[in-house]
Amino acid sequence: MTRTTPPRPLDVEALFPELAAYRGTTTRLHPRPGSPTMTDSSVGGPMLWPAEEPWPVCGEAHGRGRGRRPADIHRYRGILAAAWAREQSPGPTKEERELLAELYLEHRLPEVSQTEPLPMIGLAQL
C-alpha cells in the first residue's frame, strides 16, 4: 500500500498570501525496517557501526526507570507491518489496535538503576 500525506484541510496560501514566496517542494520520508547492504541507504534502518568501537552510552545520573522495551518496539512494528501488508482489509484490526496501544506504553523498568549507563540511540540528521 502506497502511503502519502493526505491533502491539507485548508489552503494556507489563500489564508496567508505572504507565505506564497516561501513555497517549496518537500519530500516526507516514510522509513521502513529492512536489510540494507553496504551500498544501500540505511536512514531509518540498521545503522552500520565499527565492530571494534564500543557503542556510546550515557553515564549521567538522571531518571531512567521508564521506557519501551526493544522487544515491544520490534513486536509493535511487526504487527503494524503485517496488518498493512494484508491484501484484504489492510490495517490493524480492533484486537491488533488494542495490543499496539499496550505495546506503545512506557513501562516501568525496575531493573534499571539510576546510575547504570544506558546505550545512546542512533540518529541521522539530514
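The text that follows walks through the structure, step by step, so that each part is easy to find. (Residues numbered from 1 in each chain as written. Predicted model: local features only at pLDDT ≥ 70, side-chain atom pairs only at ≥ 80, totals over all residues. Heavy atoms only, no water.)

### Re the overall build of the protein chain
Part 1 of the argument: Within the protein chain, the secondary structure is distributed over 3 helices and 4 strands.
Part 2 of the argument: By residue count, 12% of the 126 residues in the protein chain fall in the buried class.
Part 3 of the argument: Intrachain contacts of the protein chain at a sequence separation of at least 6 include 65% that bridge at least 24 residues.
Part 4 of the argument: Here the protein chain displays about 10900 Å² of accessible surface, and carbon together with sulfur accounts for 58% of that area. (Helix = DSSP H or I, 4+ residues; strand = E, 2+ residues; numbered from the N terminus. Buried < 20%, exposed > 50% of the residue type's maximum accessible area, 1.4 Å probe, protein only. Contact = heavy atoms within 4.5 Å. Areas by Shrake-Rupley, 256 points an atom, 1.4 Å probe, with all protein chains shown as cover.)

### Quick look at the packing of aromatic side chains
Part 1 of the argument: For the structure on display, the rule yields 1 aromatic pair.
Part 2 of the argument: Ring centres of tyrosine 76 and tyrosine 104 lie 5.7 Å apart, and the angle between their planes is 40 degrees; this geometry places the pair in the tilted category. Here tyrosine 104 lies in helix H3 (residues 94-104) and tyrosine 76 lies in helix H2 (residues 70-85), a separation of 28 residues in the sequence.
Part 3 of the argument: When the ring centre of tyrosine 76 is taken as reference, the NZ or CZ atom of arginine 68 above it lies at 5.4 Å. (Phe/Tyr/Trp six-rings, centres within 6.5 Å; stacked < 30°, edge-to-face > 60°. Lys NZ or Arg CZ within 6 Å of the ring centre and 35° of its normal.)

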